[in-house]
Amino acid sequence: MNVTSPSNIAPETLARIIDVGRRLNSTVDMNSLLRQIINEAADLLDCEGVSLLLYDPRRKELRFKATVGEASRQLENQAVPLKGSIAGRIFLNNEAIIVQDVRRTEGWNPKFDAESDFHTRGILGVPLHDGSGQPVGVLEAINKKKGDFDETDVAVLSTFSDLAGAAVSKAQLFDELQQAYFRLNELDRLKSDFIALASHELRTPLSVILGYVSYLREHAKGEQVEQLDLTMKAAMRLRSLIQDMVNLQYVNSAEATTQFETFDLAQIIRAVVVDREETALAKQLTLKLHLPSSPLRLTAEPDMVKLIIDNLVNNAIKFTPAGGRVDVGAALRDEEIWFYVRDTGIGIPVEQLNRIFDRFYQVEPHLKRHYEGLGLGLAIVKELVDLHGGRVWAQSELDKGSEFFVVLPLVPPPPRNTEALRAEPPAK
Ligand code: ADP
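Remember, predicted model here, so these are calculated numbers, not experimental data.

Caption draft 1: The arrangement of the side chain of Ser192 in detail. Looking at the element boundaries, Ser192 is found in helix H5 (residues 151–219). Among the residues examined, Ser192 registers a relative accessible area of 12% and is labelled buried. The contact partners of Ser192, leaving out residues within four places of it in the chain, are Gln249, Asn252 and Arg359.

Caption draft 2: Here's a closer look at the pairing of strand S10 (residues 325–333). Bridge count between strand S8 (residues 286–290) and S10: 5 bridges; the pairing is parallel. Note that in S10 the partner of Leu287 across the bridge is Val326. Both S10 and strand S11 (residues 336–343) contribute to a ladder of 8 bridges, which runs antiparallel. The partner of Val326 across the bridge, within S11, is Asp343. Between the antiparallel neighbours S10 and S11 lie 2 residues, among them Asp334 with a positive phi of about 45°.

Caption draft 3: Here's a closer look at the environment of Val20. Looking at the element boundaries, Val20 is found in helix H1 (residues 11–25). Here the alpha-carbon distance between Val20 and Val313, two residues 293 residues apart in the chain, equals 58 Å. Residues in contact with Val20, not counting those within four places in the same chain, are Glu40 and Phe160.

Caption draft 4: Highlighting the site of the ligand. Around the ligand, a shell composed of 21 residues is seen, among which Asn315, Lys318, Asp343, Gln362 and Leu378 lie nearest. Taking Gly375, its main chain carries an N or O atom lying 3.0 Å from an oxygen atom of the ligand. Take the shell around the ligand: its biggest share by element is 3 residues, from helix H8 (residues 302–318). Residues that form the shell around the ligand fall into these classes: 11 nonpolar, 7 polar and 3 charged.

Caption draft 5: Region of the structure containing the sheet that holds strand S2 (residues 61–68). Overall, antiparallel pairing links the 6 strands, which are arranged S3-S2-S1-S6-S5-S4 in an open sheet. Among the strands making up the open sheet, the edge pair consists of strand S3 (79–81) and strand S4 (97–99). When strand polarity is set aside, the average angle formed by the axes of neighbouring strands in this sheet is 25°. Two elements, strand S5 (residues 123–129) and strand S6 (residues 135–144), share 7 bridges in a ladder whose sense is antiparallel. Looking at S6, one finds that His129 is bridged to Pro135. Here helix H3 (residues 86–93) sits on the sheet in contact with strand S1 (47–56), S2, S3, S4, S5 and S6, set at roughly 135° to S6. Each of S1, S4, S5 and S6 touches H5; the most contacted strand, S5, lies at about 40° to it.

Caption draft 6: Region of the structure containing the sheet that holds S11. With mixed pairing, 5 strands are arranged side by side in an open sheet as S8-S10-S11-S13-S12. At either margin of the open sheet sits one strand with a lone partner, and together these are S8 and strand S12 (391–397). Pairs of neighbouring strands in the sheet enclose a mean axial angle of 10°, with direction left out of account. Along the sheet, helix H7 (residues 265–282) makes contact with S8, S10 and S11, crossing S8 at roughly 175°. Helix-sheet contacts for H8 involve S10, S11 and strand S13 (401–409), and the interaxial angle to S11 is about 20°.

Caption draft 7: How the structure looks around the pairing of S6. Of all 10 residues in S6, 9 are buried, a share of seventy percent or more. Bridge count for S1 against S6 is 7 bridges, and the pairing is antiparallel. Note on S6: the bridge partner recorded for Leu54 is Gly137. Between S5 and S6, which pair antiparallel one after the other, the connecting turn spans 5 residues, and Gly133 there sits at a positive phi close to 90°.

Caption draft 8: Quick look at the packing of H1 against helix H2 (residues 30–45). Relative orientation of the contacting elements H1 and H2 amounts to 175°, with a least axis distance of 11 Å. Classed by the angle they form, the pair H1 and H2 counts as roughly antiparallel. Residues Thr13, Arg16, Ile17, Val20, Arg23 and Leu24 of H1 form the contact with H2, whose participating residues are Leu33, Gln36, Ile37, Glu40, Asp43 and Leu44.

Caption draft 9: Expanded view of H8. With 17 residues, H8 should reach 24 Å at 1.5 Å per residue; the first-to-last C-alpha distance of 24 Å fits that figure. Summarising burial for H8: 13 of the 17 residues are buried, a large majority.

Caption draft 10: Representation of the pattern of salt bridges. Per the counting criterion, the structure on display carries 23 salt bridges. Its salt-bridge partner being Asp153, residue Lys144 comes within 2.7 Å of it at the nearest N-O pair. Across this residue pair, the class does not change: Lys144 and Asp153 are buried. Residues Asp193 and Arg189 are paired through a salt bridge, measuring 2.8 Å at the closest nitrogen-oxygen approach. Taken together, the residues Asp193 and Arg189, both in helix H5 and 4 residues apart, mark about one turn of the helix. The exposure class assigned to Asp193 is partly exposed, which follows from its relative accessible area of 40%. By relative accessible area, which is 42% here, Arg189 ends up partly exposed. By sharing partners, the salt bridges in this structure join Arg16, Asp19, Arg23, Glu40 and Asp43 into a single network.

Procedures and definitions
- Residues numbered from 1 in each chain as written.
- Predicted model: local features only at pLDDT ≥ 70, side-chain atom pairs only at ≥ 80, totals over all residues.
- Heavy atoms only, no water.
- Helix = DSSP H or I, 4+ residues; strand = E, 2+ residues; numbered from the N terminus.
- Buried < 20%, exposed > 50% of the residue type's maximum accessible area, 1.4 Å probe, protein only.
- Contact = heavy atoms within 4.5 Å.
- Pairing = 2+ DSSP bridges.
- Near = heavy atom within 4 Å.
- Polar contact = N/O pair within 3.5 Å; in protein donor to acceptor, adjacent residues only side chain to side chain.
- Nonpolar A, V, L, I, M, F, W, Y, C, P; charged D, E, K, R; others polar.
- Axes fitted to C-alpha atoms, helices over the stretch in contact; angles between N-to-C directions.
- Parallel < 35°, antiparallel > 145°, perpendicular 65-115°, else oblique.
- Expected span 1.5 Å × (residues − 1).
- Salt bridge = Lys/Arg side-chain N within 4 Å of Asp/Glu carboxyl O.

Here it is as structure tokens:
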């Protein structure tokens, strides 16, 4: 049967269909969407029952997803084969079918009536289409209350089912996205659990090694001194990697536990730079500090702010070749403190400037790495800056250098949650 054009439909019915379509389109919860569709279809067609079946592409069959009328719940999720059923014919031929008396039609399965204690007389079924016109299911109106289903009913149900089908495929997409999101969250949780476990398990044996090596180094003579120095250096590198993992755990639970204080940020910046001077000197880098003469009073969590500054200064030193320069500075600007770290290092490709703030993201491919690290430092920086209601970004030119900016409000917004317990404090 050819689908009758919407011109058969009374203007007020058409207006109603459009109005309902708009509502369906804004519903993404599949169950409530399906219920709305069948209830509206029953009202529009003035019939005793409505069934909605969706196509399952893996099993290649249709399945009752929602029904209204007395033929209801028992049918839900029951499978209907594509071959030899009325719904299957509608789906495969992708066209509407009117059956005035099911008993005289091929493909009618009385089992459905028997199971639901319902007496089906006539069926009007139309395919449900997704946004691109592909059939995704079937919508059936059952037993018109007055008279028989006619061409106008076909036009009404077809027009309605096009809008309903688009809403269903949107909700399916939303469902899939949500499931993918849950899976990603679960993976993220597993990764965090692994990091927590690994960092915890590695710390204890490492401190035994460090303690013993430094004891041996104190009493060593001759060649042994150099060998033990190398061992000590390697163990310290390992400690710094483990500390990144520990800091990540700290950030994960920090939101709940921030304890703000008011302090002079300039002092913390100075302390970090002094701490890093020796490393910079060993790499023949010029490390310069640019601070105003008056204090930079900031309300924030000092441990976190120190971690932010330390990570950025550490990176600038790490990614700047010998003979280069690192500038660290801060200033007050419009009720905010602007902090920057500028280097003359290897630089970052423009298209990766945002990604470097993702957990585990590193510009260099893992197998060709020259620089040590886990790709966690900037993710930690970003999460801590967010926690203070601030902003962080980088600008860079490849082979010329990079500049990182952190802008913190003088007073941060109040923390969102204060329930959880405090994690281990950071140390670097
Ligand atoms: P890590 O330094 O442990 O690899 P980070 O999260 O601190 O991890 O940095 C992520 C990546 O961003 C680094 O691996 C590096 O590729 C790039 N990067 C960060 N800071 C700089 C910088 N100052 N100069 C050049 N590249 C940088």
